[in-house]
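Spelled out from the first residue to the last, the chains are:
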2 protein chains.
Amino acid sequence: MKLRYSVAALTAIVLSSGVVAQVKPEQQIKWRQSVMQVQGWSMARIKANVEGNYNRDQVVQAANILQATANGGLGSLFPPGTEMGSGWHETKTKAAMFTDSDKVKEVAMAFNKEANELARVAATGDSATVKAQFGKVGQACKGCHDKFRVEEKK
Amino acid sequence: MKLRYSVAALTAIVLSSGVVAQVKPEQQIKWRQSVMQVQGWSMARIKANVEGNYNRDQVVQAANILQATANGGLGSLFPPGTEMGSGWHETKTKAAMFTDSDKVKEVAMAFNKEANELARVAATGDSATVKAQFGKVGQACKGCHDKFRVEEKK
């Protein structure tokens, strides 16, 4: 897998290109909710490693999943017609996700950048560097969630 | 991201290493069901491309997600205590997944091999080669599902 991605690939995150034709909104929402879960799993694994026994292979695995999904054209999972509705559960995506393209691009590129860097430092095996970069990825996650995800019910 | 993975990484797919501590079975099952969905999304995207207008960037994105997840230590999402239960829905994993380690290793390594090769050929941009390799990945998916997933209710 290439470490560096083209501008076209970055743009594809933002624009709703690559929509799989004839897929029901429910499935699109289910897919995007699943991507968030897989990213959550990967973050949880890295957290467990940097806070406990550090296993380089596990961290590389998780960081590579974050990188691949961050660069994976997630924008295509937010096509028109999926502003409301349910996948695994009712969508938590705010309306602004479908209208504020400048901000979407900003948060997507921030996540992209930090996830690419995490995959790079994970390969070096330096746990302190990984821990610091893990924090930056977490901030990039939060940057998007704060803007585009409805607040979690406690 | 490295294209080639170590024997240790391959083994990690099979063995239940890398279990995130103190995670409820429900969450582990939710994570593994989500990985399957993300892989399904990636396969659907590639299918749409090889059967329709071929967009190299989309295919690379999807193939990289398949590769990263195939090499991502999925075995850790099947820890003891998750043989039954629900995540997004009741688990469809058969009991054999937790007992027949030789077969698990066989299907995991087959998927790993074919997904790595798909990512490699996706980068070349030759749609005919990608289409052929996409078929092999599909067979690898089926090889695992036939053995370890309960039959889908129609």
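Values in this document were obtained by computation on a predicted structure and should not be read as measured data. (Residues numbered from 1 in each chain as written. Chains lettered and ligands numbered in written order. Predicted model: local features only at pLDDT ≥ 70, side-chain atom pairs only at ≥ 80, totals over all residues. Heavy atoms only, no water.)

Engineer: For this particular structure, what's the right way to read the overall build of chain A?
Structural biologist: Helix and strand content of chain A: five helices and zero strands. Counting from the amino terminus, helix and strand elements in chain A follow one another as α-α-α-α-α. Of all intrachain contacts in chain A linking residues separated by at least 6 positions in sequence, the fraction that spans at least 24 positions is 78%. Accessible surface, chain A as shown: approximately 7,400 Å² in total, 54% of it carbon and sulfur. (Helix = DSSP H or I, 4+ residues; strand = E, 2+ residues; numbered from the N terminus. Contact = heavy atoms within 4.5 Å. Areas by Shrake-Rupley, 256 points an atom, 1.4 Å probe, with all protein chains shown as cover.)

Engineer: What is the right way to read helix H5 (residues 127-148) of chain B from this model?
Structural biologist: In an α-helix, one turn spans 3.6 residues; hence positions three or four apart end up facing the same way. Residue and element names in this part refer to chain B. Along its 22 residues, H5 runs 31 Å from first to last C-alpha, staying within 8% of the 32 Å computed at 1.5 Å per residue. Residues of H5 that are buried make contact with helix H2 (25-51), helix H3 (56-70) and helix H4 (101-124). Where H5 begins, the capping side chain belongs to aspartate 126, and its oxygen is found 3.0 Å from the backbone nitrogen of alanine 128. (Expected span 1.5 Å × (residues − 1). Polar contact = N/O pair within 3.5 Å; in protein donor to acceptor, adjacent residues only side chain to side chain.)

Engineer: Help me out: how do you make sense of the environment of A:Ser127 in this one?
Structural biologist: The residue A:Ser127 is located in helix H5 (residues 127-148) in this model. C-alpha separation for the pair A:Ser127 and A:Arg32, spaced 95 residues apart in sequence, amounts to 30 Å.

Engineer: Explanation requested: the nonpolar core in the structure shown.
Structural biologist: Buried together is how nonpolar side chains tend to be arranged in soluble globular proteins. The biggest cluster of nonpolar side chains holds 26 residues, and the ones touching the most others in it are A:Trp41 and B:Trp41. Going through the elements one at a time, helix H2 (25-51), helix H3 (56-70) and helix H4 (101-122) of chain A together with H2, H3 and H4 of chain B are the ones with two or more residues in this core. Aside from chain neighbours lying at most four places away, what touches B:Trp41 is A:Trp31, A:Val35, A:Gly72, A:Gly73, A:Leu74, A:Ser76, A:Leu77 and B:Ile65. (Core = buried A, V, L, I, M, F, W, Y, C linked by side-chain atoms within 4.5 Å. Buried < 20%, exposed > 50% of the residue type's maximum accessible area, 1.4 Å probe, protein only.)

Engineer: What is the right way to read the confidence of the model for chain A from this model?
Structural biologist: Atomic detail in the predicted coordinates should be set aside for any region of low pLDDT. Here chain A averages 89 in pLDDT, and 84% of its residues register 70 or above. The complex prediction reports pTM at 0.88, with the ipTM value standing at 0.88. (pLDDT = per-residue confidence, 0-100.)

Engineer: Please clarify how the packing of aromatic side chains should be interpreted in this entry.
Structural biologist: For any two aromatic rings, the description comes down to two numbers: the centre-to-centre distance and the angle of the planes. For the structure on display, the rule yields three aromatic pairs over all chains. Consider the rings of A:Trp88 and B:Trp88, whose centres lie 5.2 Å apart with planes at 5°: the pair is stacked. Of this pair, A:Trp88 sits in the loop between H3 and H4 while B:Trp88 sits in the loop between H3 and H4, each in a different chain. A relative accessible area of 18% means that A:Trp88 is categorised as buried. Directly above the ring of A:Trp88 sits A:Lys30, whose terminal nitrogen or CZ lies 4.6 Å from the centroid. (Phe/Tyr/Trp six-rings, centres within 6.5 Å; stacked < 30°, edge-to-face > 60°. Lys NZ or Arg CZ within 6 Å of the ring centre and 35° of its normal.)

Engineer: Sorry, what's going on with the packing of H2(B) against H3(B) here?
Structural biologist: Packed helices, taken two at a time, are described by the angle between their axes plus the distance between the axes. Residues and elements named next belong to chain B. The geometry of H2 relative to H3 is characterised by a closest axis approach of 9 Å and an angle of 150° between their N-to-C directions. Considered as vectors, H2 and H3 are oriented roughly antiparallel to each other. Crossing of H2 against H3: the hand is left-handed. Across the interface between the two elements, Val35, Val38, Gln39, Trp41, Ser42, Met43, Arg45, Ile46 and Asn49 of H2 pack against Gln58, Val59, Gln61, Ala62, Ala63, Ile65, Leu66, Thr69 and Ala70 of H3. The residue inventory of the contact of H2 with H3, partitioned by class, reads 11 nonpolar, six polar and one charged. (Axes fitted to C-alpha atoms, helices over the stretch in contact; angles between N-to-C directions. Parallel < 35°, antiparallel > 145°, perpendicular 65-115°, else oblique. Left-handed = near helix turned anticlockwise from the far one by under 90°. Nonpolar A, V, L, I, M, F, W, Y, C, P; charged D, E, K, R; others polar.)

Engineer: Honestly, the packing of H3(B) against H4(B) in this entry has me stumped. Any pointers?
Structural biologist: All names here are of chain B. Two elements in contact, H3 and H4, have axes whose closest approach is 8 Å; the angle formed by their N-to-C orientations is 155°. As summarised for this structure, H3 and H4 are arranged roughly antiparallel, according to the angle between their axes. The two elements H3 and H4 meet at a crossing, and its hand is left-handed. Seen from H3, the contacting residues are Arg56, Val59, Val60, Ala63, Asn64, Leu66, Gln67 and Ala70; seen from H4, they are Phe111, Asn112, Ala115, Asn116, Leu118, Ala119, Ala122, Ala123 and Thr124. Of the residues in the contact of H3 with H4, the class split is 11 nonpolar, five polar and one charged.

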